[in-house]
Amino acid sequence: MSVSVIAITRNGAQLGAKLSGGLADCRLHVLRKYHGTAGKKSIPFDELKELLSSLWAEGDALVCIMATGIVVRIIAPLLNSKQTDPPVVVIDDTGKFSISLLSGHLGGANELAERAAWLLGARAVITTATDANSLPSFDMLAKEHGWKIENLGGVRLLNSMLLDGLPIAVVDSTDMVRPWFHGKGNLLFFDTFAEALESPARGHLFVTNRHLPPQVSPKSLLVLRPPNLILGIGCNSGTPVDEIETFVLSQLKRIFLSPLSVCTVATATAKREESGILEFASLLGAETRFFSSEELNSVKPPSGVSEHAIAAIGAQGVAEPAAMLASGNSRLLLKKVRSENVTLAIAEAKA
């Protein structure tokens, strides 16, 4: 993420120059009358409100060298959600304090405030409760491992329970939660959802790619989605994205898998320009991987050879071999299924 440092005073311009030299992918914006103080690489501006609104829309991390009140009044109308708001750090005009103001965990403002404090010899001010109490947090757990948060309200609830020392039942298919917390917090670990729900725990954390029916979804539940599902997809040329989306999502739902855990869409190199597949991968926020016919033929399709694929691209199959190659797993969660124009196989990435 790009960082924009904004200064509106002479001292702020000098502090900004120090920061911009130590922060990667950083731009320094200085009020025009102090532009010369910050060096030739700084960018002059005239209206602070317009500048902050523009940078906010671009998604830049913001380091504002000015009073906290100024920043709060300008960004208040721009606030949207914890998941989308950019990180905001405020530094006072003398460079004594580096304050994480907004999006401390998910946005990375806490880390940015600490980095800026180190560069300036300032004191980092971190007010998120878990950090203040030297506890890990569930949103940072998700961020560090690249897991998607299915229900953001569950983060606030479980972080609060963590601070209060209340028991939290954990079912973790990845075995990454236990080492992350290092014995901190009142966490109880279970192998199954049923065991966790029958426990006396007040809160619940499920780390899983499985879709959870309502009866397995208590109000005190946080669901984190590890990115470990690979979709092997083949399609006839010109198949539109909505057709691919409808078929694939219906199959994921049928076998109780969450689309939030899809990390990769794998297919044949011959489909590299297939807009339907590319757009579908983009909708899921998934990467695309392409395999040549020779690579696809190195794996025996569990459902047998596809005469259609052989005639089209010289491969024994597309969906199953692509899913197996991309996942590194010879076992499929879903063997090849097909609609009129789409074939699909699903695998889980090896840990």
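Residues numbered from 1 in each chain as written. Predicted model: local features only at pLDDT ≥ 70, side-chain atom pairs only at ≥ 80, totals over all residues. Heavy atoms only, no water.

### With respect to the environment of valine 305
Thinking step 1. Looking at where valine 305 falls in the secondary structure, it is placed in the loop between α12 (293-296) and α13 (307-313).
Thinking step 2. Counting along the chain gives 153 residues from valine 305 to leucine 152, while the straight-line C-alpha distance between them is 44 Å.
Thinking step 3. In contact with valine 305, not counting residues within four places along its chain, are Ile310 and Gln316. (Helix = DSSP H or I, 4+ residues; strand = E, 2+ residues; numbered from the N terminus. Contact = heavy atoms within 4.5 Å.)

### Quick word on the pairing of strand β2 (residues 26-31)
Thinking step 1. With 5 of 6 residues buried, β2 lies mostly within the body of the structure.
Thinking step 2. Where strand β1 (residues 3-7) lies against β2, 5 bridges are found, and the strand directions are parallel. Across the sheet, residue serine 4 finds its bridge partner in β2, namely arginine 27.
Thinking step 3. Where the polypeptide runs from β1 across helix α1 (residues 10-22) and back to β2, its parallel neighbour, the crossover connection is right-handed.
Thinking step 4. Bridge count for β2 against strand β3 (residues 43-45) is 3 bridges, and the pairing is parallel. (Buried < 20%, exposed > 50% of the residue type's maximum accessible area, 1.4 Å probe, protein only. Pairing = 2+ DSSP bridges. Right-handed = clockwise from strand over helix to strand, strands pointing away.)

### A few points about the sheet that holds strand β5 (residues 88-91)
Thinking step 1. Spatial ordering of the open sheet is given by β3-β2-β1-β4-β5-β6-β7, a layout of 7 strands whose pairing is mixed. Edge positions in the sheet fall to β3 and β7 (123-125), since each has one partner strand and no second. Ignoring which end each strand starts from, the neighbouring axes of this sheet average 25° apart.
Thinking step 2. Where β5 and strand β6 (residues 97-102) come together, 4 bridges link them in antiparallel fashion. Within β6, the position partnered with isoleucine 91 by the bridge is serine 98.
Thinking step 3. Against the sheet, α1 engages β1, β2, β4 (61-65) and β5, with an angle of about 170° to β2.
Thinking step 4. Against the sheet, helix α4 (residues 109-120) touches β1, β4, β5, β6 and β7, its axis set at about 165° to β6. (Axes fitted to C-alpha atoms, helices over the stretch in contact; angles between N-to-C directions.)

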